[in-house]
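Coordinate analysis (summary)
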Amino acid sequence: MSFFGLDCVKKKERELQRKLRANDREYNLSFKYATNAIKTSKYNLFTFLPLNLFEQFQRIANAYFLFLLVLQVIPQISSLSWFTTVVPLVLVLVVTAAKDATDDINRHRSDNQVNNRKVQVLIDGKLQSEKWMNVQVGDIIKLENNHFVTADLLLLSSSEPLNLVYIETAELDGETNLKVRQALPVTGDLEDDIAKLADFNGEVRCEPPNNRLDRFTGTLTYAGQKYALDNEKILLRGCTLRNTEWCFGLVLFGGPETKLMQNCGKSTFKRTSVDRLMNVLVLCIFGFLAFMCTILAIGNVFWELNEGSHFTVFLPRQNDNNAAFSAFLTFWSYVIILNTVVPISLYVSVEIIRLGNSFYIDWDRKMYYARSDTPAMARTTTLNEELGQIKYIFSDKTGTLTQNIMIFNKCSINGKTYGDVYDDTGQRLEITERTERVDFSFNPLADPRFVFHDHALVEAVKLENLEVHAFFRLLALCHTVMAEEKKEGELFYQAQSPDEGALVTAARNFGFVFRSRTPDSVTIVEEGEQRSYELLAILDFNNVRKRMSVIVRSPERKLSLYCKGADTIIYERLHQSCSKLMDVTTEHLNEFAGEGLRTLALAYKDLDEEYFSQWKERHHEASTALEDRESKLDQLYEEIEQDLLLLGATAIEDKLQDGVAHTIEQLSKADIKIWVLTGDKQETAENIGYSCNLLREEMNEVFVISGSSPEEVRQELRHARSSMKPDAADSVLLPERTLVKGVKVITDEEVNGEYGLVINGHSLAYALERSIEVEFLRTACMCKAVICCRVTPLQKAQVVELVKKYKQVVTLAIGDGANDVSMIKAAHIGVGISGQEGMQAVLSSDYSFAQFCFLQRLLLVHGRWSYLRMCKFLRYFFYKNFTFTFVHFWYAFFCGFSAQTVYDEWFITLYNLIYTALPVLGMSLFDQDVNDMWSFQHPQLYIPGQLNLFFSKKAFFTCALHSCYSSLMLFFIPYAAMHDTVRDDGKDVADYQSFALLTQTCLLFAVSIQLGLEMSYWTAVNTFFVLGSLAMYFAVTFTMYSNGMFLMLPSAFPFIGTARNSLNQPNVWLTILLTSILCVLPVVTYRFLLIQLCPTINDKVMFKVRQAKATLPPPPRRARIRRTSSRRSGYAFSHAQGYGDLVTSGRFLRRPAMFLSSGFAHTGRTTTGFSPMGRSAGYSPTGRPQNAKVPDVEGTSLQMYRTFTDSAL
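So, how was this worked out
- Residues numbered from 1 in each chain as written.
- Predicted model: local features only at pLDDT ≥ 70, side-chain atom pairs only at ≥ 80, totals over all residues.
- Heavy atoms only, no water.
- 1 Å grid on protein atoms, 1.4 Å probe; cavity = no way out; pocket = protein on both sides within 12 Å on 5 of 7 lines; lining within 4 Å.
- Points joined across faces, edges and corners; volume = space filled by probe spheres on them.
- Helix = DSSP H or I, 4+ residues; strand = E, 2+ residues; numbered from the N terminus.
- Nonpolar A, V, L, I, M, F, W, Y, C, P; charged D, E, K, R; others polar.
- Pairing = 2+ DSSP bridges.
- Axes fitted to C-alpha atoms, helices over the stretch in contact; angles between N-to-C directions.
- Patch = residues over 30% accessible without salt bridge, like charges linked within 9 Å, V, L, I, M, F, W, Y side chains within 5 Å.
- Areas by Shrake-Rupley, 256 points an atom, 1.4 Å probe, with all protein chains shown as cover.
- Salt bridge = Lys/Arg side-chain N within 4 Å of Asp/Glu carboxyl O.
- Lys, Arg positive; Asp, Glu negative; His and termini not counted.
- Charge placed at Lys NZ, Arg CZ, Asp CG, Glu CD.
- Buried < 20%, exposed > 50% of the residue type's maximum accessible area, 1.4 Å probe, protein only.
- Contact = heavy atoms within 4.5 Å.
- Core = buried A, V, L, I, M, F, W, Y, C linked by side-chain atoms within 4.5 Å.
- Domains from an automatic or database assignment.
- Expected span 1.5 Å × (residues − 1).
- pLDDT = per-residue confidence, 0-100.
- Left-handed = near helix turned anticlockwise from the far one by under 90°.
- Phe/Tyr/Trp six-rings, centres within 6.5 Å; stacked < 30°, edge-to-face > 60°.
- Lys NZ or Arg CZ within 6 Å of the ring centre and 35° of its normal.

1. Topic: empty space enclosed by the protein
Summed over the entire model, instances satisfying the criterion amount to five cavities of 30 Å³ or more. The space that makes up the second largest cavity amounts to roughly 60 Å³. Looking at the second largest cavity, the residues that line it are Tyr-876, Tyr-915, Thr-916, Pro-919, Leu-1004, Val-1007, Ser-1008, Leu-1011, Val-1026, Ser-1029 and Leu-1030. Among the secondary structure elements, those contributing two or more residues to the lining of the second largest cavity are helix H33 (992-1014) and helix H34 (1020-1040). If you tally residues by element for the lining of the second largest cavity, the top one is H33, at four residues. Taken together, the residues of the lining of the second largest cavity break down into eight nonpolar, three polar and no charged.

Okay, structure coming up:
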């Protein structure tokens, strides 16, 4: 139970195995399993005030000001009124509490919305509508089409034949292609018979709650029999039921124990590096404050002993207090007076600045995606300046870099390529939206959404080119797609992978229409004629084979084997007669891969009837063997898939999101390293890496880490590192820099050239072991780009944590699915892509938008400006407050260390609240060194933020020294100017009140001029704030020093007439001018010399801006570079193992549905795929060396940039 939201009972013991019984709540409640209610809120009505105040006073500054408030109510110590501290402190606490309350109310609303959804639950033999939150482990629930899955369920039965259900897992993994799940036959017989379901008393023993989305182990015991359970029989919370009228499920895990919630990761309070630095500096300031107060207290002892004793005759000490006690009181008095070194208004201003910069992100129309009506959103207001310091970006692939849309782009058939468009002179034309499309109206079964531009391929089909016909016949027969025809001629494909859907749709449009299938036949329409092929065998895909084949018998009784797969695998099995065609097709494959297309080779062979009958018998024996079944089947598959005849190759475009390549190029110029962490197979990820410019042919080498043991992985990493830096030591020699927790920091190592690194999931598991993690990180950090394939959600978070652990850098993670949530929460900044792929990533993110390309604007513009503004604000704020406070310190030596203030008390109260508040806020909200266009033109402007150049410990101490100098000028110049000075009329001007007025006026002018020097971008608002604050100072000063205010409250307004008597003297204004000039003179001199002798990148760009007279720079000309590549994709379509068994078993057959599906899945990805192929495996069918650097390659725009970076500026 919980008391006031706090856990007051002993923590539940760790669960080792889950036991439950269907329809037996009493039995299941004994295990105290979690209910299906979720809770993400932090407070309730009773706990909000105490918990929130407890959290706020954990901030050291708030506790400090509470301590000051206690001191100020002690009359013997305080020389300032209590309201100077209590008003700002209460303001800060109330504003922060209101913000926290608003956030938590939103969380409560979200929780209530989910918990109060309705679902039908089988209770006491009847289906009853219950809220999600009341569902318990062991309940049987009914789901209907398009409903969310309530909890993690064991599928019992469904409306579909053979108890299949179709689910969409977009909320879990960002994939929108449908997945298939199937119930056990024994539970499928229950169907929708309520009586049978109510009598079902099966017992389940399974794994405890965990975050593995792709694995489940358990057993069901029913009617004395035990049945194995795996992931194919489980429906996870967060999935959506599609194309299935109804299904029944048994609740296994509820609420926080579901895999969806287990993957949400632990929410951590994220703080910026500036915040962390501020905490260190505040502690240093407190130490310095104690040091100053101690010096002044000691000074008071000496003064009391030497000078104070002379005054005791007419000013006796109270209660005979001695010098030591006087010094003790003086110490605490000066703690109160000098507390302005850390004013509470600092924290109020920081929150206002962050809030304002968050609004800029929300309001930015250039980050608004009109197609889905999705604006950018800053979901947190505390991390803006961190966006200007990102060094590492960890990105998901599918749905983040790509659109999940596969398009049949090009193909090579019998040595001829199709897909390009040429003009009359034979020049290749760039295909645009205006390019003429192929008219498929001759084919009544064509998919109207399919687009192709090369008319030559249609002509080849119409001319009955045998190779072209065989090519498309293979595509129409060799697949595991399911067809659905709800109306005559209206076909819809349910493809297990979007690649397969694209290939079958292409064959459909070119006249080879896949129409229907049974467990032993495939029906297609060839050129308008319907033909049925007998399906004799499916040689299914797996990670090792990297290919799939079908054996069919045509209506003419001809036996054929059709095979498609990775080109390297297919080439090894071709007949010798194909050697010339292989060379030509290899060139085409290289060209396709160079354009970032996903390639696939197609081949076939005719089979002898007698041989096949013998092979079929052996196949049956192997498939029923109890031992080594997999290896025996593989041997048979290898045997029959030999001496194939090459037909050609396909090229599918996995469409990138708009602007991805340019965004990655820009971020690379800003010295940001991008790591892609994806669950996809290696070839898919590599292809996308090349097509989006993450990997480039110009790279010296792309290393592939694929070791299957820790030692192999270690050796491959060391080999890669020695290749990049031959003189690198084998042993891990780390610099002598350590983080706070004693962990050594790995600094960047310089390498000659650019390199990439690709690592598989199983190898990554070894690389993340404690003994190898440093080796892996050193090698990866030397590379320009890193791609991790086949990674689990947990591994994504582990990679991020590894970089955070050993590198003093700021990290950003960006993703779109629930499998990215742990990574997003682990990084310093989490960004969610909001779109059709689900909202789990967005709900856990700090910032969200609809397209990856908006990331460059978020970082290079908003992030850089926010960091620049925050750094300027902190430098200036510390300067103005240190200067203000140090004057008190110097004055102490002239007032007998009596804790008398040098300024008027009202000036002390209003200095940070009114006189200097708005000008610094104006600078912090509106300032920019260059506009957004110039920021994009010069991404290298981002680099100073990564290096913490604008605000660091060094910058802070420089600021403190500058303040010390200014305070000396502000005290001693007015002091010297007024010493032994008389007015025009001969009266004395050197009194305390006149000196206080002159000093505070000099201070205000000096800090205002300093602000003007800090500001790079003057607006009407900034100007109004600066001049208005000065005007406000004089207006308030003349009002408070007037006769009327003195007559109303003499004790509160003692400075009667001081303003009009002092400020009408020319020598006073001359002193103000002289003091202000001397305060800013060193700054002006230093900056002049710095710009002339050692200009920064900001200085150079700002000079260019001034030269251009603020005209917008011309947009950069980015020529489309068509690469020639020695690298090819392997098996390109993202397929999953085991789907062929489903097809041949007849379990796919579906009864006609009542609702129209969305057609074949255009988008999506799968969670299984292939091992390294093509270039990554170091194999070339033509014998050409892979990963070889191409000689005399024209420099990329990135390389050109690096050449001219400094010289051009």
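2. Points about the environment of Arg-365
Take Arg-365: it is sitting in the loop between helix H11 (345-363) and strand E16 (377-378). Along the sequence, Arg-365 and Ala-376 sit eleven residues apart, while their C-alpha atoms lie 8.5 Å from each other.

3. Let's talk about the sheet that holds strand E9 (residues 179-182)
In space, the three strands of this open sheet follow the order E9-E8-E14, with antiparallel pairing throughout. Two strands in the sheet have a free side with no partner beyond their single neighbour: E9 and strand E14 (240-242). The average angle at which neighbouring strand axes cross in this sheet is 45°, direction not considered. One ladder, built from four bridges, connects strand E8 (residues 164-168) with E9; its direction is antiparallel. From the neighbouring strand, Leu-164 faces E9, where its bridge partner is Gln-182.

4. A look at a negative patch on the surface
Together, Glu-144, Asp-189, Glu-191, Asp-192, Asp-193, Asp-199 and Glu-245 make up a region of like negative charge exposed at the surface. Secondary-structure assignment places Glu-191 in the loop between helix H6 (185-188) and helix H7 (194-199). Overall, Glu-191 belongs to the partly exposed group, its relative accessible area being 49%.

5. Here's the deal with the environment of Leu-457
Secondary-structure assignment places Leu-457 in helix H12 (residues 455-462). For Leu-457, a relative accessible area of 0% corresponds to the buried category. Measuring from C-alpha to C-alpha, the distance between Leu-457 and Val-468 comes to 8.2 Å, with eleven residues separating the pair along the chain. The contact partners of Leu-457, leaving out residues within four places of it in the chain, are Cys-411, Ile-413, Tyr-418, Phe-452, Val-468, Phe-472 and Phe-510.

6. Notes on the nonpolar core
In summary, soluble globular proteins display a tendency toward joint burial of nonpolar side chains. One finds Tyr-334, Leu-346, Phe-873 and Phe-878 to be the most contacted residues of the largest nonpolar core, which totals 102 residues. Residue contributions to this core peak at 18 residues, all from helix H27 (residues 854-892). A domain-level breakdown of this core finds at least three residues from each of domain 2 (276-342) and domain 3 (344-354 + 864-1107). Beyond its immediate chain neighbours, meaning those up to four positions away, Leu-346 contacts Met-278, Phe-873, Leu-874, Phe-877 and Phe-878. In this structure, Ala-476, Leu-491, Ala-495 and Leu-602 belong to the second largest nonpolar core, which totals 52 residues.

7. Re helix H10 (residues 323-337)
With 15 residues, H10 ought to run about 21 Å at 1.5 Å a step, and its terminal C-alpha atoms sit 20 Å apart, in line with that. Buried residues dominate H10, accounting for eleven of its 15 residues. Buried within H10 we find Ala-323, Ser-326, Ala-327, Leu-329, Thr-330, Phe-331, Ser-333, Tyr-334, Val-335, Ile-336 and Ile-337. Buried residues along H10 sit in contact with helix H3 (60-72), helix H9 (273-306) and H27.

8. Observations concerning the pairing of strand E33 (residues 755-759)
Across the five residues of E33, five count as buried, placing the element largely inside the fold. Direction of pairing for strand E32 (residues 701-705) relative to E33: parallel, over a ladder of five bridges. Looking at E33, one finds that Phe-703 is bridged to Leu-757. Bridge count between E33 and strand E34 (residues 785-788): four bridges; the pairing is parallel. Bridge assignment links Gly-756 to a residue of E34, and that residue is Ala-785.

9. Focus: the confidence of the model for the protein chain
Parts of the model with low pLDDT should not have their predicted coordinates read in detail. In the predicted model, the protein chain carries a mean pLDDT of 82, and the fraction of residues at 70 or more is 85%. Highest mean pLDDT in the protein chain belongs to strand E15 (residues 246-253) (95); lowest belongs to helix H40 (residues 1197-1204) (33). For residues 1-11, every residue scores under 50 in pLDDT, and the model assigns this stretch ten contacts once sequence neighbours within four places are set aside. For residues 731-740, every residue scores under 50 in pLDDT, and the model assigns this stretch 23 contacts once sequence neighbours within four places are set aside.

10. Structural notes on the pattern of salt bridges
Enumeration according to the criterion identifies 50 salt bridges in this entry. A salt bridge links Glu-609 to Arg-553; the nearest nitrogen and oxygen atoms lie 2.3 Å apart. Taken together, the residues span a long stretch of sequence, with Glu-609 in helix H17 (residues 609-623) and Arg-553 in strand E27 (residues 547-553) at a distance of 56 residues. Among the residues examined, Arg-553 registers a relative accessible area of 9% and is labelled buried. Here Glu-1014 makes a salt bridge to Arg-875, at a shortest N to O gap of 3.4 Å. One end of the pair, Glu-1014, is in helix H33; the other, Arg-875, is in helix H27, with 139 residues separating them in the sequence. Judged by its relative accessible area of 8%, Glu-1014 is buried. What you see here is one network of salt bridges that share partners, running through Arg-547, Glu-572, Arg-573, Glu-638 and Glu-641.

11. Considerations on the sheet that holds strand E25 (residues 521-526)
The nine strands lie next to each other as E19-E18-E30-E29-E28-E27-E26-E25-E24, forming an open sheet whose pairing is antiparallel. Single-partner strands in this sheet number two, and they are strand E19 (416-418) and strand E24 (512-518). Between one strand axis and the next, the sheet turns through 30° on average, direction left out of account. Note: strand E29 (residues 598-606) against strand E30 (residues 645-656), seven bridges, orientation antiparallel. Directly across from Ala-601, in E30, lies its bridge partner Ala-649. Against the sheet, helix H14 (residues 498-509) touches strand E18 (402-413), E24, E27, strand E28 (559-565), E29 and E30, its axis set at about 45° to E18.

12. Describing a nonpolar patch on the surface
Residues Phe-893, Phe-894, Phe-972 and Tyr-975 make up a contiguous nonpolar surface patch of about 370 Å² in total accessible area. Residue position: Tyr-975 is located in helix H32 (residues 953-978). On the basis of relative accessible area, Tyr-975 is assigned to the partly exposed category, the value being 33%.

13. Side note on the packing of helix H21 (residues 710-724) against helix H23 (residues 773-781)
Closest axis-to-axis distance for the H21/H23 pair is 9 Å, and the angle between their directions is 35°. In this structure, the crossing between H21 and H23 has a hand that is left-handed. Facing Leu-717, Arg-718, Ala-720, Arg-721 and Met-724 of H21, the residues of H23 in contact are Glu-775, Phe-776, Arg-778 and Thr-779. Residue classes in the contact of H21 with H23 are distributed as four nonpolar, one polar and four charged.

14. Points about the side chain of Asn-339
Tracing the backbone shows Asn-339 in the loop between H10 and H11. The class for Asn-339 is buried, based on a relative accessible area of 10%. Residues in contact with Asn-339, not counting those within four places in the same chain, are Tyr-64, Phe-65 and Leu-68.

15. Focus on the packing of aromatic side chains
This structure, assessed with the given rule, holds 66 aromatic pairs. Taken together, a centroid distance of 5.7 Å and an interplanar angle of 80° make the contact between Phe-882 and Phe-956 edge-to-face. Of this pair, Phe-882 sits in helix H27 while Phe-956 sits in helix H32; the two residues are 74 residues apart in sequence, bridging distant segments of the chain. Note on Phe-1034 and Trp-1069: the rings are 6.1 Å apart at their centroids and 35° apart in plane angle, and the pair reads as tilted. Of the two residues, Phe-1034 is situated in helix H34 and Trp-1069 in helix H37 (residues 1066-1093); the sequence distance between them amounts to 35 residues. Its guanidinium or amino end placed over the ring of Phe-442, Lys-462 lies 4.6 Å from that ring's centre, counting from NZ or CZ.

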